[in-house]
Every structure is written in structure tokens, then in C-alpha cells.
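Here's the letter readout for the chains.
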Amino acid sequence: MADKAKTNPGRFFEDYRLGEVIRHAVPRTVSGGERALYHALYPARHALASSDEFARASGLPAAPIDDLAAFHLVFGKTVPDISLNAVANLGYAEGRWHLPVYPGDTLRAESEVIGLKQNSNGTSGVVYVRTRGLNQRDALVLEYVRWVMVRKGDLSAPAPETVIPELQRVIPAGDLMIPEGLDFSGYDFDLAGEPHRWGDYAVGERIDHVDGVTIEEAEHMLATRLWQNTAKVHFDATFRPDGQRLIYGGHVISLARALSFNGLANAQMIVGLNGGAHANPCYSGLTVKAWSEVLDKAETAAPGVGAVRLRLVATSGGDPFTLKGEDGKYLGHVLLDLDYWALMPV
């Protein structure tokens, strides 16, 4: 008989306790390899994360790795403890990027359980966690809340008291962290790729990003391994009744963000994540397209820097700018609905 005493089957819903703080393994030192692989996986080409010289001209010491690459790296740390036995990742809120991440930084993560709710079917429940990414100086790099549906291992385990945290629907623009030294007053629009500045965008404006990317199984698998995301739904085809592996939601986020370059090339840094929903499952073979809507704009204290609040929608087809049906539910072709703050030159 095999001895499983030293192996870890992952946490199930009944294993979480409100208020507990989980320190995640394994710290990871960032190198230029993360940037190269990220740009190989996605058509990512925002200038600030691509060029040291462009970043220095914008007041930073060097080009940081892409904001979503930092997010995926921290997110991946949490998977073995939070979502190894997940049915699905359901949403995000209160995401804030506090510091840019540079090659040479070492990141680790910790999560606090801030909410629990057993589902009415008694076979799973929703776990709410606030995750913090910290660097080698124990400085906060980024934080976010997410909630995930997790299977129960013991169906007879009693349901915990239901606690659903109160979360901000939108991060106030005044609470966004602007990187120290960031200065877009001498911004080079030619090198950035588009002439459109903060003042050229109007609240309510919608942008069809035109381009599409067909998801390949190999690229998705490489991405989840890159971020050390070990969730079974992404790797093990026997884990789901339909025999299909779910595409990691972060893969869809990064594809959509990269596609948004066409029309939003100057939205250089993501600094806030107000909310997000993976509206429908995504599988290999689907072609992802994207559109954006300008939800709000705000000035910042940094020279030449404005903040723009954007809705980013990823789809697998359908008419542009369609989102929900008359019943208020997402239409079947909508994969992602993301609400975020970005910085761009005024």
C-alpha cells in the first residue's frame, strides 16, 4: 500500500478558518527570463515594461516587469494553499500595486482568510482571501482580494458561520499608489506606439481592439507552469467531468491586456484592480478578442501622469460591446469582465 503521509492533497473548504494567515511557499527571485517568457506568451509590448531607456526617461530606475506578470507570480504562490482543489476562481476586488517589481527582486506571498460561505449543495463553498505580495525587504508590492469556489473533502463536515466581507466596489483614485519618480512630462509618443493621451479619452468611450489570439494548449500549459500555478483544473484532464482542462483565468487577462495595446498603447501601468469576473470558462482552441470602455478619469500628483479607469472585456466571438443579456447574466461569448485603473500621459 502506498504511503501518503508525506504528500499534500491540498486544502478543502472545511480546512479554512476565518482570520487565519497562510504563508505561502516558495519565494521566487525575478529575472529577465520572466519578462522574456511573458512577452513570448502574449503580444505584450507596452513600452515602459519593454525598454530600460524608456523607463529611465519616465523617471524609473529601469523597466519593471509587466504589472500582470508580477500579479501572476504572486497569484501562483497562493494556488497550492488556496485553489488546488478549486472548482473555479470567481472574482477579484481591492487590487492595488504598491511598488514596481524589477529583475533581482524576490517575491513571496501570504493570504488572510476574510470570508467563508458554504454552498447550498453542501459539496463546496466559497473562500475569500486577501493576498499580499512582499519583496526581499518585506515591502508590500501588491495586494488583492479574490474569492474561489473550493470542493469539500468531507461532505459531513459542518458548515462554518457565513461571513462575506464588505469590499470596495471601486478603489478611489486618491488611494492609488503612483511609483516614486514617475514622470511622463517628456513622454515619447512615437516610441510608445500611439499618439493618444489621457485628454483624448472620454468617459463612456468604447474601443474595439480589433485583433485576436487563438489560445493554444501548449502556450496555456507553459504559462501556468511559468507562474507555478498547480490548480488541478488546469493540468489534470481527469479532474473535470467533461475531460477538458480549464484555461487559467490569468492567461485570459494577460491576453486581453496585451490585445488592448491597439487603442490603449499609452495605458502604461496597471495600479488598481477594482473588480473582475471570469464570466464563462475558456478552453484551448477559442480565439480571444477584446474591447474596452472608459469608466472614469482622474488627475494625479505625478508630473504628466493621469489615471484612467477601464473596463476590459475578453470575448470568444459575438458582437463587439455586447456583455449581458436581458436577464442580467453574462452572454455566452464573454470570457472576462475586468475593471482596472491604469496610468497614462496627460
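Just so it is clear, the model here is predicted, and its values are computed rather than measured.

About the criteria used
Residues numbered from 1 in each chain as written. Predicted model: local features only at pLDDT ≥ 70, side-chain atom pairs only at ≥ 80, totals over all residues. Heavy atoms only, no water. Helix = DSSP H or I, 4+ residues; strand = E, 2+ residues; numbered from the N terminus. Rg over C-alpha atoms; globule rule 2.2 N^0.38 Å. Contact = heavy atoms within 4.5 Å. Areas by Shrake-Rupley, 256 points an atom, 1.4 Å probe, with all protein chains shown as cover. Polar contact = N/O pair within 3.5 Å; in protein donor to acceptor, adjacent residues only side chain to side chain. Buried < 20%, exposed > 50% of the residue type's maximum accessible area, 1.4 Å probe, protein only. Pairing = 2+ DSSP bridges. Axes fitted to C-alpha atoms, helices over the stretch in contact; angles between N-to-C directions.

Caption draft 1: Looking closely at the overall build of the protein. Scanning the protein from terminus to terminus reveals eight helices and ten strands. Taking 2.2 N^0.38 as the reference for a compact globule, 346 residues should give roughly 20 Å; the C-alpha atoms of the protein span a radius of gyration of 20 Å, in line with that estimate. Projected onto its principal axes, the C-alpha positions of the protein cover 65 × 50 × 40 Å. Excluding contacts between residues fewer than 6 apart, the proportion of contacts in the protein whose partners are at least 24 apart in sequence is 78%. With the model as given, the accessible surface of the protein reaches about 14,700 Å², and the carbon-plus-sulfur share is 51%.

Caption draft 2: How the structure looks around the side chain of T224. Relative to the helices and strands, T224 is located in helix α5 (residues 217-226). There is a polar contact of 3.0 Å between the side chain of T224 and the backbone oxygen of M221. Setting aside chain neighbours within four positions, we find T224 in contact with N229, H234, F235 and Y248.

Caption draft 3: Just the environment of R137, in detail. Mapped onto the secondary structure, R137 falls in the loop between β4 (124-134) and β5 (140-151). Separated by 25 residues in the primary sequence, R137 and E112 have C-alpha atoms spaced 20 Å apart.

Caption draft 4: View of the side chain of S58. Tracing the backbone shows S58 in the loop between α2 (52-57) and α3 (67-82). Under the relative-accessibility criterion, S58 is labelled buried at 3%. Those residues in contact with S58 that lie beyond four places of it in its chain are L48, G181, L182, D183 and F184.

Caption draft 5: Just the sheet that holds strand β3 (residues 106-118), in detail. Here we have ten strands laid out as an open sheet, ordered β1-β3-β4-β5-β2-β7-β10-β9-β8-β6, and antiparallel in their pairing. Each end of this open sheet is capped by a strand with a single partner; those strands are β1 (21-29) and β6 (206-214). Neighbour-to-neighbour, the strand axes of the sheet open up by a mean angle of 25 degrees, direction not taken into account. Sheet analysis places strand β9 (residues 305-315) next to strand β10 (residues 334-345), joined by eleven bridges and oriented antiparallel. Looking at the pairing, R311 lines up with D339 of β10. Helix-sheet contacts for α3 involve β1, β2 (86-97), β3, β4, β5 and β7 (269-278), and the interaxial angle to β5 is about 45 degrees.

Caption draft 6: The arrangement of the environment of T238 in detail. Examined against the element boundaries, T238 turns out to sit in the loop between α6 (232-235) and α7 (249-259). Counting along the chain gives 183 residues from T238 to A55, while the straight-line C-alpha distance between them is 45 Å. Of note is the side chain of T238, whose polar atom sits 2.5 Å from the side chain of D236.

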